Amino acid sequence: MSYFYRNPWNLLDQIQKELNRGYNNLPAKAGDDNGNVVTSDWSPAVDIKEETGRFLITVDVPGVDPEKIEVHMENGMLTIKGERDSEKKTEREGYKRIEREHGAFYRRFTMPEGVNANAIEASSKNGVLSISIPKAEAAQPRRITVN
């Protein structure tokens with residue numbers, strides 16, 4: 001006797017993915033800084049954290065060679081581009097399953113005023129890209145003593 005697992009929510013998940021794909025393929029508007037661009041084949045997950053002296057951006061890019069990642073800062077806009085090479089796919093008895101997305105990605109974020117664009121550092125470890133954007137000295141809070 002064999003058991004077959006059926007997920008009743010699978011159809012709803014598929015519909016949600018199709019709606020998201022359609023939404024992400026809408027033409028970009030001027031000033032749109034949500035990080036999604038129509039030229040992307042896939043979109044990596046991004047976390048943005050503000051700390052006392054810097055902004056820390058963490059990007060999940062498993063399987064992406066760090067040499068194929070470009071990080072640019074221009075006119076207050078941080079751009080992250082890269083590409084994940086496709087793996088060889090196997091096909092057996094007419095069945096094929098591909099869940100990992102491949103191809104180019106392009107994310108763009110508007111940075112607040114007061115960041116030091118000349119001191120940005122980026123590193124990649126275990127498929128996670130970390131970008132540290134220090135705040136300019138004037139942007140950091142300063143305690144003023146009252147006499």
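Chains are numbered independently. Their residues run from 1 in the order of the written sequence. Only residues with pLDDT of at least 70 get local features here, since the model is predicted, and only at 80 or more are side-chain atom pairs given and counted; chain-wide, interface and lining totals rely on the full set of residues. Side-chain metrics in this entry use all non-hydrogen atoms of the structure; hydrogen atoms and water are not considered.

A.B. asks: When you look at the nonpolar core in this model, what are you seeing that I'm missing?
C.D. replies: Of all hydrophobic cores here, the largest spans 16 residues; its most connected members are Val-61, Ile-80 and Ile-133. Elements that contribute at least two residues to this core include exactly β2 (54–60), β4 (77–84), β5 (103–110) and β7 (128–134). Excluding residues that lie within four positions of it along the chain, Ile-133 makes contacts with Arg-54, Phe-55, Ile-57, Leu-78, Met-111, Val-115 and Ile-120. Nonpolar cores are built from buried Ala, Val, Leu, Ile, Met, Phe, Trp, Tyr and Cys residues. Side-chain atoms within 4.5 Å join them into one set. A 1.4 Å probe rolled over the protein chains alone gives each residue an accessible area, and that area as a share of the maximum for its type sets the label: buried under 20%, exposed over 50%, partly exposed in between. Secondary structure elements are taken from DSSP: a helix is a run of H or I of four residues or more, a strand is a run of E of two residues or more, and numbering for both begins at the N terminus. Pairs of residues are marked as contacts when any of their non-hydrogen atoms sit within 4.5 Å.

A.B. asks: Looking at this structure, I do not really get the side chain of Thr-79. What am I missing?
C.D. replies: Inspection of the secondary structure assignment puts Thr-79 in strand β4. For Thr-79, a relative accessible area of 12% gives the class buried. Apart from residues no more than four positions distant in its own chain, Thr-79 is found in contact with Glu-70, Val-71, His-72, Tyr-106, Arg-107 and Arg-108.

A.B. asks: Whenever I open this one, the sheet that holds β4 confuses me. Can you help?
C.D. replies: Strands in a sheet are paired, the pairing made by backbone hydrogen bonds, and the direction either parallel or antiparallel. Only when DSSP finds a minimum of two bridges between them are two strands counted as paired. What the three strands build is an open sheet, ordered β3-β4-β5; its pairing is antiparallel. The open sheet has two edge strands with one neighbour each: β3 (70–74) and β5. Sheet twist, expressed as the average angle between the axes of neighbouring strands with direction ignored, equals 15°. For β3 and β4, the ladder comprises five bridges, and the chain directions are antiparallel. Bridging across to β4, Glu-74 finds its partner in Met-77. The axes used here are C-alpha line fits, helices contributing only the stretch in contact, and every angle between their N-to-C directions lies in the interval 0 to 180 degrees.

A.B. asks: Help me out: how do you make sense of the pattern of salt bridges in this one?
C.D. replies: Between side chains of opposite charge, a pair can form when the charged atoms approach closely. Criterion for a salt bridge: a side-chain nitrogen of Lys or Arg within 4 Å of a carboxyl oxygen of Asp or Glu. Applying the stated criterion to the full structure yields four salt bridges. One salt bridge connects Glu-51 with Lys-49, and the closest N-O pair in it is separated by 3.6 Å. Judged by relative accessible area, Glu-51 falls into the partly exposed class, the value being 23%. The class of Lys-49 is partly exposed, set by a relative accessible area of 48%.

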